Amino acid sequence: MSKREEFIAAINVIKAASQTITPELYKGLLQQAVQEHQLTMHEATDIINASGLVVGEKVNYLHILGLTIAELENKNEDTIAKRVDAAHNERYTASLRAGGLPRKDGRTQEQWRTLLNCARDTLKDTHKRREHIMPILFQEDLSKLATLNAPTETDKNHPQNPKQINRQQSTILSTIQVTAPQIESVQILTDPNTPRGMVLIPEGDFQMGSNGENANESEKPVHTVYVDAFYMDEHLVTNAQYMAFIDANPQWRKPPDWFGIKRNRKTAIDKRYHDGDYLKHWDEKSYPQDKAEHPVTWISWYAARAYAEWVGKRLPTEAEWEKAARAGQNANEYPCGNAINNAKANYNCNAGDTTPVGQYQANRYGLYDMAGNVWEWCLDAYHPRFYTNPIHRNPIADVNNLGPVNNQLTSNTIQRVLRGGSWLDAAQLLRTAYRYKNTPTRTLAGIGFRCVKTKTQ
């Protein structure tokens, strides 16, 4: 790698963390280019300008393309991509026609076109768009909340944030606090260490359960729970992802007969880990055609845990799942708001089957299909009265019976928690607080899962 390529690689690392740099950092990069990479000042300036990094200002890519959040909200990815491309092409073409005319904002036309390209690439990428828009969205909320009643003082008995932000590290690039009636204290964290395909769920309190008129006794009473920060998969685990797992772990393959009596345990799932319908809709080795991006179903709790362990993750606790689903909006009945319809989720047989992951609008943490499509296994044992004597911090039931799945087998009569509802279920079952359960060997057409990962310092 040449010295020039080394400097470009260093710039790309910085750009992956933030599109904006301070004037001090800009000067430091120029000095580094000259002293360590033997570049001229002119060469270094051209590289930085071409990268799309912005010095000294926070760029709103929506404004750059003349778009608003409302134009992209509740739209599918194809529609968003077409709208972004159209806005980009219009402004890019206008810049080309301007030739060398200077711009009023002080940028050259070449710099402006580089910024337009960055805006287009960011807003067309689901993950990057979420990270860019979320702080903007919550900043707008701050303005709206300023007209409401002043927030109440935080309960002094609540635990304080146990983790101090090290400002000399770039682990957390931005934090926005929102406190208001019926909305939890939300921290929107941008963390460059977030694993690909996952979302950082911030630590903090939220109101778990429901006292509403639709609530079951197992959802009562509402109580305050504190959950440490963790990462959660944006999407449900798909058929294609699960196939990679069983290809690498033949002991979790579907047996040629339901209970695998004729197969060695090393080449098919142990019959103790499922009910006989494991991967029922697959042939022996693969999922149905055209279902690669659909959530995997007919999965037992044991199989879901085995997959999670294989990818270095785990199943979410029930509290983690509900905090992630609520996404800072305690008063809402559903992850998508106070009402739900066919445009917001796959439920009540409206699609006739599972749908590809990510087809419906994400919640405010950037998580897809938190309501509908398939039920999601949680780590906890199910206790109908678990909330009557609540654990305030990181609650989990049956914590002493959760060793590696290949080394232990829980009683098949101990039911495990399922959350979120499925494509088969009525809206009532998709409520964020709704608690469902089944035995850990149970597999159904409406049961799948997603994974989480503990955030470490």
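The structure presented is a predicted model; accordingly, all values stated were derived computationally and were not measured. (Residues numbered from 1 in each chain as written. Predicted model: local features only at pLDDT ≥ 70, side-chain atom pairs only at ≥ 80, totals over all residues. Heavy atoms only, no water.)

**A word on the overall build of the chain**
When helices and strands are tallied, the chain shows eleven helices and 13 strands. The buried share of the chain, reckoned over its 457 residues, is 47%. Long-range pairs, those at least 24 residues apart, make up 72% of the contacts in the chain with a sequence separation of at least 6. (Helix = DSSP H or I, 4+ residues; strand = E, 2+ residues; numbered from the N terminus. Buried < 20%, exposed > 50% of the residue type's maximum accessible area, 1.4 Å probe, protein only. Contact = heavy atoms within 4.5 Å.)

**Quick notes on helix α3 (residues 41–51)**
Regarding α3, the residues found buried are Ala44, Ile47, Ile48 and Ser51. Seen end-on, α3 carries its buried residues on one side only, within an arc spanning 95 degrees. Among the exposed residues of α3, those pointing more than 90 degrees away from its buried face are His42 and Ala50. Immediately downstream of α3, the backbone of Gly52 shows phi near 90 degrees, a positive value. (Arc of directions from axis to C-beta.)

**Some words on unusual backbone geometry**
The residue after Lys220, namely Pro221, is reached through a cis peptide bond having omega -5 degrees. We note that Trp298 has phi near 55 degrees; this positive angle belongs to a residue other than glycine. Relative to the helices and strands, Trp298 is located in the loop between α9 (239–248) and α10 (301–310). Classification of Trp298 by relative accessible area gives buried; the value is 14%.

**Things to note about the side chain of Thr122**
Its place among the elements puts Thr122 in helix α7 (residues 109–124). At a separation of 2.9 Å, a polar atom in the side chain of Thr122 contacts the main-chain carbonyl oxygen of Cys118. (Polar contact = N/O pair within 3.5 Å; in protein donor to acceptor, adjacent residues only side chain to side chain.)

**Points about α10**
With respect to burial, α10 is a largely interior element, eight of its ten residues being buried. Within α10, burial applies to Trp301, Tyr302, Ala303, Ala304, Arg305, Ala306, Tyr307 and Ala308. Packing partners of the buried residues in α10 comprise α9, β9 (375–381) and β10 (416–419). Of the residues flanking the end of α10, it is Gly312, one or two places downstream, whose phi is positive at about 75 degrees.

**Thoughts on the sheet that holds strand β8 (residues 230–233)**
The strands that make up a sheet pair up through hydrogen bonds in the backbone, lying either parallel or antiparallel. Here three strands make up an open sheet; going across it, the order is β5-β8-β13 and the pairing antiparallel. Whereas interior strands pair on both sides, the edge strands pair on one side only; in this sheet they are β5 (198–201) and β13 (452–454). Between one strand axis and the next, the sheet turns through 25 degrees on average, direction left out of account. Across three bridges, β8 lies against β13 in antiparallel orientation. Residue pairing in the sheet places Met232 in a bridge with Val452 of β13. (Pairing = 2+ DSSP bridges. Axes fitted to C-alpha atoms, helices over the stretch in contact; angles between N-to-C directions.)

**Notes on the sheet that holds β9**
Ordered by their spatial adjacency, four strands build an open sheet running β11-β10-β9-β12, and the pairing between neighbours is mixed. Only two strands of the sheet have a single neighbouring strand rather than two, namely β11 (436–438) and β12 (447–448). Running over the sheet, α10 touches β9 and β10 and is turned about 90 degrees from β9.

**Quick word on the packing of α9 against α10**
For the pair α9 and α10, interaxial distance at closest approach is 10 Å and the crossing angle is 80 degrees. Of the possible angle classes, the one that applies to α9 and α10 is roughly perpendicular. Facing Gln241, Tyr242, Ala244, Phe245 and Ala248 of α9, the residues of α10 in contact are Ala303, Ala306, Tyr307 and Trp310. For the contact of α9 with α10, the per-class residue count stands at eight nonpolar, one polar and no charged. (Parallel < 35°, antiparallel > 145°, perpendicular 65-115°, else oblique. Nonpolar A, V, L, I, M, F, W, Y, C, P; charged D, E, K, R; others polar.)

**Topic: the pattern of salt bridges**
Applying the stated criterion across every chain, the model contains 19 salt bridges. Residue Arg129 is joined to Glu77 by a salt bridge in which the shortest nitrogen-to-oxygen separation is 2.6 Å. In this pair, Arg129 sits in helix α8 (residues 126–145) while Glu77 sits in helix α6 (residues 77–98), placing the two residues 52 residues apart along the sequence. By relative accessible area, which is 28% here, Glu77 ends up partly exposed. When salt bridges with common partners are traced through the structure, they connect Glu318, Glu322, Arg326, Arg419 and Arg435 into a single cluster. (Salt bridge = Lys/Arg side-chain N within 4 Å of Asp/Glu carboxyl O.)

**Observations regarding the nonpolar core**
Residues Tyr242, Trp252, Tyr278, Ile299 and Phe449 are the most contacted members of the largest nonpolar core, which totals 29 residues. Within the residue set of this core, elements represented by two or more residues are α9, α10 and β9. The greatest single-element share of this core, amounting to seven residues, is contributed by α10. (Core = buried A, V, L, I, M, F, W, Y, C linked by side-chain atoms within 4.5 Å.)

**Quick notes on the pairing of β10**
Residues Arg416 and Leu418 line one face of β10 and the alternating positions Val417 and Arg419 line the opposite face, and both faces are buried. Where β9 meets β10, three bridges bridge the pair, whose relative direction is antiparallel. If you follow Trp377 over to β10, its bridge partner there is Leu418. Here β10 runs beside β11; their pairing, made up of three bridges, is antiparallel.

**Some words on the side chain of Asn346**
Among the structural elements, Asn346 can be located in the loop between α11 (318–326) and β9. A polar contact of 2.9 Å, which involves the side chain of Asn346, links it to the backbone oxygen of Asp353. Apart from residues lying up to four places away in sequence, Asn346 is in contact with Ala351, Asp353, Thr354, Thr355, Tyr360, Gly372, Asn373, Ser422 and Trp423.

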